[in-house]
Amino acid sequence: MRAYEPYDTVVNQPFSNIGDPTLITPYDMVLNNAYQTRLDTHRIEDYDTDLGYDQFIGKKNSSLSQSTRLNLDQIMNESYNSVVGIISDTDPYEIEKSYNEFAYAPDSSEFSSEDLLLGNHGESIVTPAPISTSKYDRIVPHNSRFDWNQRFQDILELPQTTTDEVLSRYERLRSLGNDFIHTAKTFGKIIIEEIFVPNEEKTIRPDKQMGGIGGGPKYVYCGILFKYALDWKGIYKGDEWAMKAAGHEYRGCTAFAQCGVDDLHVPLMCIMDYRGFRLIAMSFLPINTRTMIYGSHDGGQSIFASDPIMNRKMNQVGKFLNLKGHTVGMSKDKNYFYLPTDIEGHKGHDSRYYALDFARVFPPTKPLENMPSSFLYYQFRPEFIKSYHIPLSSDAYAKFGGTENKIHNRETDEATEFLINRCAKRVARQLDEMDYEHEEALSKIPSIMHKFGVNIRYLGYVRQHVKKKSVQQLLLIEMVARVVKNEWRRKLRSRMLMIKSIAEEIYRKVTRDYFNLVLGVHEEMSPQYWDNEMRTQLIEKYPPGILPDEKDRSFDLKSEIPLDILFKRVQTLTKVLLSYEANEQFSLSPNAFEIVYPDIKRMGLKVKPMVIISSAEARALYIESTRKQKRSNTAIRLLKLSLSHFADAISAGADNKDLILNYGDALYELGKRLYGEESGKMFTEALEKYHYASGLESLYSMGITLYKCIHTRTDMDNDSLSNILQLANTCFTECRFIIKGSVRKSVSRKLSSFSSSKPKKSSRTSTFNSDFDVKLYSESILMDKKRYYRPKNTQYHHVEQPNIRVSDISLHSIYMNWGYALCEQSKHIFQVTGDRVYANESYKDAADKFYRGLKLKKTKFYQGIVEKLKQKDKTHLATIMEIQSYNSEGIITEINSNWCYHITDDFLMSVNGIFKVEKLILTKYSINDLSPESILAIAKNDDFNEIHLIECHTLVSLTMEALYEEHIRLKKISISYTSDEIHKLPITDNLEYLDITQCLSINDNHIMDIAIECPNLTHLYMRGCKISTESLIYLILRMDKITDLDISHNVGVTDEVLHTIAEVCYNVSSLDISHCTKITDNGVSQMFRECGNLTHINMMHCNITDESFIQEIDGEKKSISEIGFETLILDFCQLITDRSLKKIFKISPNLCKISLKGVPISDKCIRVLGKYCHNISVLNVGQCEISVERLLPIITNVVYLDISYSNVDDVLIRQISKQCQKLVSLNICGCKKITSGAIKSLVVDGTPLLHVVDITGCKNIAKFAKKKLNELSPEVYIINRNHRRTSSIKSKIL
């Protein structure tokens, strides 16, 4: 046995016989295999070169440095020592047998000595193909060690039916990915370092058989194809743009891998950045020019589409990516592709279908005027393309774009404008809402932009729309950091071309000098650099991002940027790592810091692996953590490690919603294992991921788990539990939005013909039946697992939450669990705070959810309630929450007929026998539905104190008389909208609330009784009652505790009544005197002068002028100006003008409800409203002669909007639909410019909370469209003739 010889000894051997296989001994072969084993197990990533034994004995001329030789000697010595035992223990006969098989392999003469020494041989030896222009014309002989593609595809085809199989698959992907990346980094670093070394002196020489005109020379080594991203043919007009094209190659490959099309394969790939150069490394595929069956390899001169199976697969990918089908081919033979013409599809020698050349998969943005070739490297992001409303062509602006090239170009231009003008604004709004520290916010900017499909090069457009100064500064830092990165890369490339050296010290000095130039160390050169070069590059690369004052040469741009934060970002982008001490000193004195040579710790090689590889590690760690004990330290540590890997993977594939769902799963699992505030933080972040990925099952499962935390998480304090329960409610809210959005998108496709002015009736009749139920349709959508799961052979696996199936999730189940969550929340509120009112509010929300959920069931839901009540089982109490609220002890406190199908005497008796009822609300009941006896039985309970009989004709009189005779002491009575002859009211000194709105039988005698018997009255509503002035004055003189007063629609209201209110009712905060035509400015101004707490006022249809307000706003006693208004209703007060309204808006920053219908206001008044009042939730400017465009900045949070009889058109309706996400009711009656298409987009694809739309008098809306929209969207009421629904909704909101 010969010992391992050092490097100098090896290179000095005679090389004439190196290529002779007979000179290779069995020990050489074993030692070479030992080195390869060492390469796999001993990762030495910081060495300049990691060469194997085969390179030493095959190297004729060496240009390696002494340090490199020593490193190689060390590796080989370790490898040799590790294999000595193997050699000594191995049967010599087996070694000799292996040697003979190696040395005398058939047709070995066809391989070079390098192929033999690297082991590039196998059982099936393929003769190299003739030289061709295709870069894959040469086939590397099979070798199991370096056949990365075979190993990659075999792993992807592994079964995933069990968790063990999934885990095994991820672990094997992780191992393969680490091996591939390590090998690519090792040899890719050598290739880049020797880029300017003559070919005959290079360690790894370019492969002359590889064709292709992009990038430069190709290298094939260890089964990996290396391609430079250089503009060596002048195609891209610069290396920087060639590097962008390489990034698109990587992004396109990632997009193909995510499509989940069966039996369509892509190569294993990564991209590397080092010393200013970019290199693509990809597994060698078993293909050549003879295997091509799709696309073109000669610029569209010849088109391949010979395999129907491949054509179908490629079309599936194009449709999945939302790419536009188009005609391709520059010859007479045309084909129809969804993908770019120059993509390549092959049927490999292994019978697999492969796709490659992905650089132009995604459509280009509009080319810049001064850069006509920018369509080659400026492309839309996949997030934008997938979400854009129409598909775009990948061949737009290309010479082989087809006969419809002008159409493709126009659509691309429109999409670019949409991206710049709309998407950039959305990003700006999102960034304005950020509340992070500088470093954290900087790292989130790219992900936020990518989430909205906005490229980083549009940072300037985003900055243009940002309002916060702090965010503008962050964006400027990001822009400067990227300019520094690109300029640093250019300087490194230039220096390598100049000196042609592989030594790293020179490039460290280049880095040091340039960074110091940016830092301002050079007193003369640095200011000139910032004023000239930096400013110019920022203006050129991010055009609108530099504000007008920043373009001025006198503006000190460098002073606006925190240099320590800038260079932390630069280190992240360039992989130049400064030492810990340097960073510490930098933070202490950023403006006086100079980088010295030792400060640069490392100039690393930046690698971006495929998402499927980078995510395999994260997913494997996540699955391993789920197998550990729930709260063990190991499980928590594994989950935290998985989160780090998920974050890295998502940064390379932000549009991969499966990956984001897995990220959310890991956050959710970690939240269950942590304690207190940390747990809540994890749940919140998981909710954000689920929301972005529209993860219905995950949100549903998480919501159920969270609201059960009230019983299981004893480690949480009350505040944490409150936050957790609120998160549960948010989960179910998101679930509802996802389902509603799915229904709307599906229905939108069925309504596509609505946008036509002359729709075809025949095309609509077969689409829906007359009894079409959109809620049932939504449940049928949820049954289709293909909407939420990929095909079985998908390359991404989503780990499901336990015990939750897609078929279990429906609107009914969401609403019911939402109700349970709200019920738990209300109980928790009462137990912690003892606040019954607040708790009951939450119970009311729960009742609403139960009501919605039970309504979806096809049973008579009131009968189910009766059965559950008869069982007297507390487990069924939540089921009857649609009609009542409970206190913490399970007592029914309220029965509300608005929450149920029907209430009978038996039901009331049953409830009375079990619970103690405090409140009874009945709407539109008569003596035929209920008897006064059953109501009296409920009222006799000691806790009963409130009764509301609304529009209960024939029932009010007998009920009031029965309550009066039994001396029932009530705190609240409401008998509104009734024509019953009322003789007696059950009023006592205990009464605090009385509503006799529109009680036609109320007279002066009743008013006298109220004044005498009810001294503690705080809320009094007498709208529409026929009462004299004297009776009103007599009543008000005794109502010194009144806070809410409604005396509207009453002819007895005069200035004398207002004077009395001013003298007595100091505490009144809400007053309604609408339609009181006898009042004047004198009475109103005196009332404003004395009632200092008045914040809610309704003076609709009153004969008042500007003087009513101006006298008091400008007066000495500024009671109004100190408080301002919160609600102001001045409909049809036509004597009110801008003069008083501007003053009112300036003193009312808390104004949230404003109604000015029919008031002669101008656009200037609207601008003042938007400037001073930022909390508007109700806005009524119908019949006002204003430009509706002026309203867009102030209606973001509006719930009710009335713009009736205005100049609004389809464009404004679509803007309102997308901007007003909280809009519940919209009145656009009398708007003659609106068409059916705008209403369709509003109702079907509009705001998620929209409930009422009034389109009365919109003449351009087809009659059949109104009817169909009511059928398709039952949750949105389309009002045409009857205004009553809109006014009732408005009254509830006001």
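These numbers come from a predicted model, not from an experiment.

Peer 1: What is the right way to look at the packing of helix α24 (residues 676-693) against helix α25 (residues 696-707) in this model?
Peer 2: Any two packed helices are characterised by the angle at which their axes cross and by the distance between the axes. Two elements in contact, α24 and α25, have axes whose closest approach is 10 Å; the angle formed by their N-to-C orientations is 155 degrees. For the element pair α24 / α25, the angle class is roughly antiparallel. For the element pair α24 and α25, the recorded crossing hand is left-handed. Contact residues: Phe683, Ala686, Leu687 and Tyr690 in α24; Ser698, Leu699, Met702 and Leu706 in α25. A class-by-class count of the residues in the contact of α24 with α25 yields seven nonpolar, one polar and no charged.

Peer 1: Hey, could you run me through unusual backbone geometry in this one?
Peer 2: Leaving glycine aside, a negative phi is the common case for residues, and trans is the common case for peptide bonds. A positive phi is found at Lys237, a non-glycine position, where the angle reads about 65 degrees. Relative to the elements of secondary structure, Lys237 occurs in the loop between β2 (224-228) and α9 (239-258). Unusually for a residue other than glycine, Arg275 sits at a positive phi of about 55 degrees. The topology assignment puts Arg275 in the loop between β4 (269-274) and β5 (277-283).

Peer 1: I'm lost on the sheet that holds strand β11 (residues 353-356) in this one. Help?
Peer 2: Across a sheet, paired strands are connected by hydrogen bonds in the backbone, their directions being either parallel or antiparallel. Pairing in this open sheet of five strands is mixed, and the strands run β3-β11-β10-β6-β7 from one edge to the other. Bordering the open sheet on either side are β3 (264-265) and β7 (304-305), each of which pairs with just one other strand. In terms of strand pairing, β3 meets β11 through two bridges, oriented parallel. Paired with Leu264 across the strands is Tyr353, a residue of β11.

Peer 1: I would appreciate a short explanation of helix α23 (residues 657-673) in the present structure.
Peer 2: In an α-helix, one turn spans 3.6 residues; hence positions three or four apart end up facing the same way. Compared with an ideal rise of 1.5 Å per residue, which puts 17 residues at 24 Å, α23 spans 24 Å between its outermost C-alpha atoms and is within 8% of the ideal. Among the 17 residues in α23, 16 count as buried, and that is most of the element.

Peer 1: How should I be thinking about the side chain of Ser1001 in this particular structure?
Peer 2: In this structure, Ser1001 sits in the loop between β19 (993-995) and α36 (1004-1013). For Ser1001, a relative accessible area of 10% corresponds to the buried category. At 2.7 Å, the side chain of Ser1001 forms a polar contact with the backbone oxygen of Asp980. Dropping the residues within four chain positions of it, Ser1001 is found in contact with Asp980, Glu981, Ile982 and His1006.

Peer 1: Would you take a moment to explain a negative patch on the surface for this structure?
Peer 2: Taken together, the side chains of Asp549, Asp552, Asp556 and Glu560 define an acidic patch exposed on the protein surface. Checked against the element boundaries, Glu560 lands in the loop between α18 (548-551) and α19 (563-574).

Peer 1: Just to check I follow, could you spell out the pairing of β4 for this structure?
Peer 2: Two faces, one strand: in a regular strand the side chains alternate between the faces of the sheet. Where burial is concerned, most of β4 is hidden: six out of the six residues are buried. Taking every second residue as pointing to the same face, both faces of β4 are buried, with Met269, Ile271 and Asp273 on one and Cys270, Met272 and Tyr274 on the other. The sheet contact formed by β4 and β5 spans six bridges and is antiparallel. Directly across from Tyr274, in β5, lies its bridge partner Phe277. Taking the residues that link successive antiparallel strands as the turn, the β4-β5 hairpin has two residues, and the phi of Arg275 there is positive, at about 55 degrees. Both β4 and strand β14 (residues 606-609) contribute to a ladder of four bridges, which runs antiparallel. When the bridges of β14 are listed, Ile271 appears paired with Lys608.

Peer 1: Is there a simple way to explain the nonpolar core in this structure?
Peer 2: Soluble, globular proteins show a tendency: their nonpolar side chains are buried together. One finds Phe226, Phe256, Val462, Leu538 and Leu566 to be the most contacted residues of the largest nonpolar core, which totals 202 residues. Sort the elements by how many residues they give to this core and helix α15 (residues 469-499) lands first, with 13 residues. If sequence neighbours within four positions are ignored, Leu566 has contacts with Ile477, Val480, Ala481, Val518 and Ile561. Judged by nonpolar contacts, the second largest core, of 124 residues, contains Met1039, Val1053, Leu1130 and Ala1238.

Peer 1: Could you clarify how one ought to interpret the sheet that holds β14 in this entry?
Peer 2: Reading across the sheet, the five strands line up as β1-β2-β5-β4-β14 and stay open at both edges, with antiparallel pairing between neighbours. The sheet terminates laterally at β1 (218-221) and β14, the two strands that pair on one side only. Pairwise comparison of adjacent strand axes, ignoring direction, gives a mean angle of 20 degrees for this sheet.

Peer 1: Explanation requested: the side chain of Asp1131 in the structure shown.
Peer 2: One can find Asp1131 in the loop between β24 (1127-1129) and α42 (1138-1147). A relative accessible area of 2% means that Asp1131 is categorised as buried. At 3.5 Å, the side chain of Asp1131 forms a polar contact with the backbone nitrogen of Leu1156. Within the structure, Asp1131 has its side chain in polar contact with the backbone nitrogen of Lys1157 (distance 3.0 Å).

Peer 1: What's the story with the packing of aromatic side chains in this structure? I'm lost.
Peer 2: Two measures describe an aromatic ring pair: the distance that separates the ring centres and the angle between the ring planes. Enumeration according to the criterion identifies 30 aromatic pairs in this entry. Ring centres of Tyr514 and Tyr529 lie 6.0 Å apart, and the angle between their planes is 90 degrees; this geometry places the pair in the edge-to-face category. Residue Tyr514 is located in helix α16 (residues 505-519), and its partner Tyr529 is located in helix α17 (residues 525-541); the two are separated by 15 residues in the primary sequence. This pair shows no difference in class: Tyr514 is buried, exactly as Tyr529 is. Between Phe515 and Phe567, the ring centres sit 5.2 Å apart and the planes meet at 80 degrees, which makes this aromatic pair edge-to-face. One end of the pair, Phe515, is in helix α16; the other, Phe567, is in helix α19, with 52 residues separating them in the sequence. Looking at Phe515, the relative accessible area reads 2%, which means it is buried. Among the aromatic residues, ring-to-ring pairing joins Tyr514, Phe515, Tyr529, Phe567, Phe586 and Phe593 into one connected group. Against the face of Phe196 rests Lys500, its NZ or CZ located 5.9 Å from the ring centre. Geometry around Tyr1034 places Arg1038 over its ring, the cationic atom sitting 3.7 Å from the centre.

Peer 1: What exactly am I supposed to notice about the confidence of the model for the protein here?
Peer 2: Low pLDDT marks stretches whose predicted atomic positions should not be read closely. A residue-level look at the protein finds 73% of positions with pLDDT of 70 or above and a mean pLDDT of 75. Taken as a whole, residues 743-807 scores under 50 in pLDDT and shows 135 contacts with residues more than four places along the chain or in a different chain. Scored below 50 in pLDDT, residues 881-890 shows 48 contacts in the model against residues more than four places distant or in partner chains.

Peer 1: Is there a simple way to explain the packing of helix α21 (residues 611-626) against helix α22 (residues 633-652) in this structure?
Peer 2: Where α21 contacts α22, the axes come no closer than 8 Å and their chain directions differ by 160 degrees. The pairing of α21 with α22 is recorded here as roughly antiparallel in orientation. The chirality of how α21 crosses α22 is left-handed. Packed against α21, whose contacting residues are Val611, Ser614, Ser615, Glu617, Ala618, Arg619, Leu621, Tyr622, Glu624 and Ser625, the element α22 presents Ala635, Leu638, Leu639, Leu641, Ser642, His645, Phe646, Ala649 and Ala652 at the interface. Each residue belonging to the contact of α21 with α22 can be placed in one class, and the counts come to eleven nonpolar, five polar and three charged.

Peer 1: Would you take a moment to explain the pattern of salt bridges for this structure?
Peer 2: When their charged atoms lie close together, side chains carrying opposite charge are able to pair. Going through the model one piece at a time under the given rule, you end up with 34 salt bridges. We note a salt bridge from Arg151 to Asp179, for which the minimum N-O separation is 3.7 Å. Residue Arg151 is found in helix α7 (residues 148-156), and its partner Asp179 is found in helix α8 (residues 163-193); the two are separated by 28 residues along the sequence. Assessed through its relative accessible area of 11%, Asp179 is described here as buried. With a shortest N-O distance of 3.0 Å, Arg352 and Glu157 are connected by a salt bridge. Of this pair, Arg352 sits in the loop between β10 (344-347) and β11 while Glu157 is found in the loop between α7 and α8, placing the two residues 195 residues apart along the sequence. Here Arg352 falls in the buried class, since its relative accessible area comes to 7%. Using a relative accessible area of 44% as the deciding quantity, one classes Glu157 as partly exposed. Within the structure, one salt-bridge network assembled from shared partners comprises Asp154, Glu157, Asp350 and Arg352.

Scoring rules and cut-offs
- Residues numbered from 1 in each chain as written.
- Predicted model: local features only at pLDDT ≥ 70, side-chain atom pairs only at ≥ 80, totals over all residues.
- Heavy atoms only, no water.
- Axes fitted to C-alpha atoms, helices over the stretch in contact; angles between N-to-C directions.
- Helix = DSSP H or I, 4+ residues; strand = E, 2+ residues; numbered from the N terminus.
- Parallel < 35°, antiparallel > 145°, perpendicular 65-115°, else oblique.
- Left-handed = near helix turned anticlockwise from the far one by under 90°.
- Contact = heavy atoms within 4.5 Å.
- Nonpolar A, V, L, I, M, F, W, Y, C, P; charged D, E, K, R; others polar.
- Pairing = 2+ DSSP bridges.
- Expected span 1.5 Å × (residues − 1).
- Buried < 20%, exposed > 50% of the residue type's maximum accessible area, 1.4 Å probe, protein only.
- Polar contact = N/O pair within 3.5 Å; in protein donor to acceptor, adjacent residues only side chain to side chain.
- Patch = residues over 30% accessible without salt bridge, like charges linked within 9 Å, V, L, I, M, F, W, Y side chains within 5 Å.
- Areas by Shrake-Rupley, 256 points an atom, 1.4 Å probe, with all protein chains shown as cover.
- Salt bridge = Lys/Arg side-chain N within 4 Å of Asp/Glu carboxyl O.
- Lys, Arg positive; Asp, Glu negative; His and termini not counted.
- Charge placed at Lys NZ, Arg CZ, Asp CG, Glu CD.
- Core = buried A, V, L, I, M, F, W, Y, C linked by side-chain atoms within 4.5 Å.
- Phe/Tyr/Trp six-rings, centres within 6.5 Å; stacked < 30°, edge-to-face > 60°.
- Lys NZ or Arg CZ within 6 Å of the ring centre and 35° of its normal.
- pLDDT = per-residue confidence, 0-100.

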